[in-house]
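Fold and geometry: a report
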Amino acid sequence: MRILLVDDDEIFIQALAQKLTAQHYAVDIALDGEMGWSYAQFAVYDLIVLDINLPKLDGIGLCQQLRRNKYSNSILLLTAKGNSSDKVMGLDAGADDYVVKPCPIEEICAHIRALLRRQTTPSTPILEWGRLRLDPGTCEVVYQEQLLTLSPKEYGLLELFLRNPQRVFSSSSILEHLWGFDDVPGEETVRTHIKRLRRKLKSAGADDLIDTVYGMGYRLKPIIEQPSSAAIATDQNSNQARTAAIAVWEKFKPPMLERVAVLEEAVTALKVGYLPDEVQQAALRAAHKLAGSLGMFGFPNGTEISRDIERWLQRATQTSHFMQLQALVTQLQQELQKPPKPSAWDVDLLSDSQEQGQDQNGLTNGLTAPTMSLSPGIAQPGAVTQPESVVLSQKRSPQINVLAIDDDPAILETLQQILLRWGIQCSSLSDPGQLWSTLETVTPDLLILDVDIPNINGIDLCRTIRNDATWSHLPILFLSVYRDAETIVKLYSAGADDYVAKPFTEPEIVTRIFNRLERTRMRHNVAGFDPLTGVANWQSSTQVLNRYINLAQQQQQPLCVAVIKLGQIAQVNYQHGHEVGDAVLKQVAATLQQSFSERDIVARWGGAEFLVGMYGIHQQEALERLKQLLHRVRHEIALVVDVTHPLQLSFSAGVAEAPQHGLDLQSLYQLASAAMQQVVDANEQGADE
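Calculation rules
- Residues numbered from 1 in each chain as written.
- Predicted model: local features only at pLDDT ≥ 70, side-chain atom pairs only at ≥ 80, totals over all residues.
- Heavy atoms only, no water.
- Phe/Tyr/Trp six-rings, centres within 6.5 Å; stacked < 30°, edge-to-face > 60°.
- Buried < 20%, exposed > 50% of the residue type's maximum accessible area, 1.4 Å probe, protein only.
- Helix = DSSP H or I, 4+ residues; strand = E, 2+ residues; numbered from the N terminus.
- Expected span 1.5 Å × (residues − 1).
- Pairing = 2+ DSSP bridges.
- Axes fitted to C-alpha atoms, helices over the stretch in contact; angles between N-to-C directions.
- Contact = heavy atoms within 4.5 Å.

Inspection of the entire model under this criterion finds four aromatic pairs. Ring centres of Phe161 and Phe169 lie 5.9 Å apart, and the angle between their planes is 65°; this geometry places the pair in the edge-to-face category. The two residues Phe161 and Phe169 agree in class, both being buried. Members of the aromatic cluster, joined through ring pairs, are Trp538, Trp605 and Tyr669.

Laid out in structure tokens, this is it:
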């Protein structure tokens, strides 16, 4: 499990971290409130420990900010203040527990264990799965009374599975839970630890305790003797999904039959020996859409027949014999008179006997599962019935926004219904001409594209988005009937992040979306990107700037550090909402990135404060560049943010130069911040006068 410690007492916090690490926790340390806030944005923590008296942002304020941003796990407050009013203030801010310092580290660890126990289902601190027992208090693991000797990471893996017995964990989510920022290995490391843990469990007689779920990740193998009520709950959820899908089919059955009528028109034209080009193209579009949607409504055979019709029409000539097409259309009509097949909503996922990482086309997709287990629509975890089917349990998280572009209303409505069950808001768009304005309005976390979109090819649209500074980091998932390797290669070459073939199933599309969002967040964490703006974060920019300072000394070159502060952002959030404030910050970051060279470093250091490192230029040149830049930023924000009244924004900047102002980043930052503050004070004085 992963814990964040936020305290400016380095001796105390290192001692606490050492004790927790010995108890098999992954620990990150932040020495001030703003750094703690940055860490909490980039990683998923099972528990956060906050001191109240923190530099930059105090513990009460940070606690409130975490709760406002939907951090739902435990928060433990530490403070030297022990009176009742301080405790009430801390608990009202959202803390789950309160410890007064000084106190033994063992006592703090006991509070931490107690809070972590509250987040799990078992009422006892002993975690059990069949004959396996794990005691978090003693860090002992026993199987059939035999004590297992596990490494810290093997212990952490097993505890993670036992505390979340119905969840499927991807390699990336395991990395996020069990490794800190200072030591983030690749996903191969997770597989290695899984193999070692399995080997040790097997040697104790616990064979096949951990499942590999094909294309998704790892979980505990279900115990067959589980209560039958869980299986009943799973059946109820499956029935709910079927009922919803049948309702959608009844709504879209008439337009589907209209598409079949278009195919009949092509057959009639061929009977008289002439197939007009417009009729052929209309029939091709109809067959293509039928192939992409019928399988989702319980007509998998209808999808295959529609594919055959599409292939026939693609090679049809005026002399082609129409009897084969006529037979296929008749076969499709007969298929659609049947009731939908219930099996269309049942998904069997393969287990340990198969290798991960290949999709149905044999192409390596490199994706693993989201941090979730099944069953939209119910609060309790799902169960697994025989034959095994993964029951995904919805992960409660901040609102996820998805934008889907497709000219098939059946696809769009199906997506909206599916994703809504998982707490995902899906906005739909049939006209790609409205894309840019919709992106600004929706600010999606992920974009779903079809290949065949009216007036533009989806692949070309993907390339255009990748070349736009503001949206270049947006994850893009393609839905398409095309399954040939050539098209799939084109998708990824254009910048697609993932691909799902139509018709799709609910578990597949939900898994891929969570997958991609999780991988994007993990990539940003490891690469050191700020998740809102896409620029470097505090941690990664600090590492780069320290290297630049050393290089500047060796090469006798100047290095300028600029601190840029955007004023009145709090008022913007209050008056216009956080969406407008976020749009402003993203546009500022995008303009900064476009205005500096690749060797310069642009970073967001928290809130509305940005830092720019410029290698090889002196302070005066840096100041001139910043003056021009800030003028451009004001102009571009006015164009991007659409509000009734003009935004009252101010920009202040200060610059320090190495080596003349200092030879370490802290000194340069402080001097640049002081210079920036002088500008702020001067502006405020001028406003008062």
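Back to the text.
Time to look at helix H10 (residues 277–293). For H10, with 17 residues, the first-to-last C-alpha span of 25 Å sits near the 24 Å given by 1.5 Å per residue. By the burial criterion, the buried members of H10 are Val279, Gln280, Ala283, Leu284, Ala286, Ala287, His288, Leu290, Ala291, Gly292 and Ser293.

What follows concerns the sheet that holds strand S5 (residues 97–100). Pairing in this open sheet of five strands is parallel, and the strands run S2-S1-S3-S4-S5 from one edge to the other. The open sheet is flanked by strand S2 (26–30) and S5, the only strands paired with a single partner. For this sheet, the mean inter-axis angle between neighbouring strands, taken without regard to orientation, is 20°. Here strand S1 (residues 2–6) pairs with strand S3 (residues 47–51) via four bridges, running parallel. Residue pairing across strands places Leu4 opposite Ile48, the latter belonging to S3. Relative to the sheet, helix H1 (residues 10–22) contacts S1, S2 and strand S4 (74–79), its axis offset from that of S2 by approximately 170°.

Moving on to the environment of Val329. Along the chain, Val329 turns up in helix H12 (residues 323–336). For the pair Val329 and Ile309, spaced 20 residues apart in sequence, the C-alpha separation works out to 7.5 Å. The contact partners of Val329, leaving out residues within four places of it in the chain, are Val260, Leu263, Glu264, Val267 and Ile309.

Taken together, the four strands give an open sheet; going across it, the order is S6-S7-S8-S9, and neighbouring strands pair in antiparallel fashion. Of all the strands in the sheet, just strand S6 (127–129) and strand S9 (146–148) have a single pairing partner and so form its edges. For this sheet, the mean angle separating the axes of adjacent strands, direction not counted, is 25°. Judged from the four bridges that link them, strand S7 (residues 132–135) and strand S8 (residues 140–143) form a sheet pairing that is antiparallel. Looking at S8, one finds that Leu134 is bridged to Val141. In the packing of helix H6 (residues 152–163) onto the sheet, contacts are made with S6, S7 and S8, and the angle to S7 comes to roughly 105°.

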